[in-house]
Amino acid sequence: MDVVVALHVAAALLLIAAGVAKVFRPVPTTDLLASFGLPEAPAAVVVIGLVESAVGVLALVVGGPLSAAATGVLYLGFLAVVWRALVTGATTCGCFGRVNAPPSWLHVVGNAGFAAASFVAVAGPTPTQVMADQPASGVGFVLGSGVIAGLALVAFTAVPEALAARGGTSSAARFHINGEHPNR
């Protein structure tokens, strides 16, 4: 169960990072949501960012089933937004305040994994309980969760950006959406 809680902690850390990014750089998310036909409302994106950050902090500091479930629900929402961005050909996922981070299937799958881990964490110990049961007050647990969050951030932003730069993302997306083979 400690591994699931570590994944949940990584999800909470990413919530905080994405939320803070939306607060200080709402334009990519505003533009993405406008491309879905929603009104351009940077203030609403800032509020979304504040909610994400608050849920992430609560999941880390307070823990418990309610914050784990809220984290899972947010990740299901992210899954839907990134999936829609991917299938509509959006140029950004709008998640981390970066204009050049295209949506990817890796991001969709990652959001599904973080949602699942958070929902499973509903029935488990809180992050602070796991840390209390670990050697050195859970330093390894905290570092491991941070590494998972960092790797997920790279997988959600830098990997799709690099693939798009070499032309891999658009052809891969066409293959998955239209059934076209990327090399034909």
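In case you missed it, the structure is sitting above this.
Residues numbered from 1 in each chain as written. Predicted model: local features only at pLDDT ≥ 70, side-chain atom pairs only at ≥ 80, totals over all residues. Heavy atoms only, no water.

## Thoughts on the pattern of salt bridges
Here comes step 1: Tallied over the full model, the rule gives 1 salt bridge.
Here comes step 2: Notably, a salt bridge pairs glutamate 52 with lysine 22, separated by 3.1 Å at the nearest N-O pair. Placement of the pair is glutamate 52 in helix H3 (residues 42–61) and lysine 22 in helix H1 (residues 2–24), with a sequence separation of 30 residues.
Here comes step 3: The class for lysine 22 is buried, based on a relative accessible area of 5%. (Salt bridge = Lys/Arg side-chain N within 4 Å of Asp/Glu carboxyl O. Helix = DSSP H or I, 4+ residues; strand = E, 2+ residues; numbered from the N terminus. Buried < 20%, exposed > 50% of the residue type's maximum accessible area, 1.4 Å probe, protein only.)

## Thoughts on the layout of surface pockets
Here comes step 1: Taken as a whole, the largest pocket holds about 240 Å³ of empty space.
Here comes step 2: Contributing elements (two or more residues each) for the lining of the largest pocket: helix H2 (27–35), H3 and helix H4 (65–88).
Here comes step 3: For the lining of the largest pocket, the per-class residue count stands at 10 nonpolar, 3 polar and 2 charged. (1 Å grid on protein atoms, 1.4 Å probe; cavity = no way out; pocket = protein on both sides within 12 Å on 5 of 7 lines; lining within 4 Å. Points joined across faces, edges and corners; volume = space filled by probe spheres on them. Nonpolar A, V, L, I, M, F, W, Y, C, P; charged D, E, K, R; others polar.)

## Here's the deal with the side chain of threonine 126
Here comes step 1: Within the secondary structure, threonine 126 is located in the loop between helix H5 (105–121) and helix H6 (127–132).
Here comes step 2: Classification of threonine 126 by relative accessible area gives buried; the value is 13%.
Here comes step 3: In terms of polar contacts, threonine 126 uses its side chain to reach the side chain of threonine 128, at 3.1 Å.
Here comes step 4: Setting aside chain neighbours within four positions, we find threonine 126 in contact with Val5, Val62, Gly63 and Gly64. (Polar contact = N/O pair within 3.5 Å; in protein donor to acceptor, adjacent residues only side chain to side chain. Contact = heavy atoms within 4.5 Å.)

## Digging into the environment of phenylalanine 36
Here comes step 1: Secondary-structure assignment places phenylalanine 36 in the loop between H2 and H3.
Here comes step 2: Phenylalanine 36 gets classed as buried once you look at its relative accessible area, which sits at 15%.
Here comes step 3: Beyond its immediate stretch of four places on either side in the chain, phenylalanine 36 contacts Val81, Arg84, Ala85 and Thr88.

## Describing the packing of H1 against H4
The relative placement of two packed helices comes down to the angle between their axes together with the axis-to-axis distance.
Here comes step 1: Running from amino to carboxyl end, H1 crosses H4 at an angle of 65°, the nearest separation of the two axes being 11 Å. As H1 packs across H4, the resulting crossing turns out to be left-handed. For the pair H1 and H4, the contacting residues are His8, Ala11, Leu14 and Leu15 in the first and Ser67, Ala68, Thr71, Leu74, Tyr75 and Phe78 in the second.
Here comes step 2: Here the contact of H1 with H4 is built from residues that sort into 7 nonpolar, 3 polar and no charged. (Axes fitted to C-alpha atoms, helices over the stretch in contact; angles between N-to-C directions. Left-handed = near helix turned anticlockwise from the far one by under 90°.)

## So, the environment of alanine 101
Here comes step 1: If you trace the backbone, alanine 101 turns up in the loop between H4 and H5.
Here comes step 2: On the accessibility criterion, alanine 101 (1% relative accessible area) is buried.
Here comes step 3: A C-alpha to C-alpha distance of 7.7 Å links alanine 101 and phenylalanine 156, two positions 55 residues apart in sequence.
Here comes step 4: Leaving out residues up to four positions away in the same chain, alanine 101 has contacts with Thr91, Thr92, Cys93 and Thr157.

## As for the side chain of serine 53
Here comes step 1: With respect to the helices and strands, the residue serine 53 is situated in helix H3.
Here comes step 2: Among the polar contacts made by the side chain of serine 53, one reaches the main-chain amide nitrogen of valine 20 at a distance of 3.3 Å.
Here comes step 3: In contact with serine 53, not counting residues within four places along its chain, are Leu15, Ile16, Gly19 and Val20.

## Description of empty space enclosed by the protein
Here comes step 1: Enumeration over the complete set of coordinates arrives at 2 cavities of 30 Å³ or more.
Here comes step 2: By volume, the largest cavity amounts to about 80 Å³.
Here comes step 3: Along its surface, the largest cavity is lined by Leu14, Leu15, Ala18, Lys22, Glu52, Tyr75, Phe78, Cys95, Phe96, His107, Asn111 and Phe156.
Here comes step 4: Listed by contribution, the elements that provide at least two residues to the lining of the largest cavity are H1, H4 and H5.
Here comes step 5: Tallying contributions element by element places H1 first for the lining of the largest cavity, with 4 residues.

Fair warning: the whole summary comes from geometry, so function is off the table for now.
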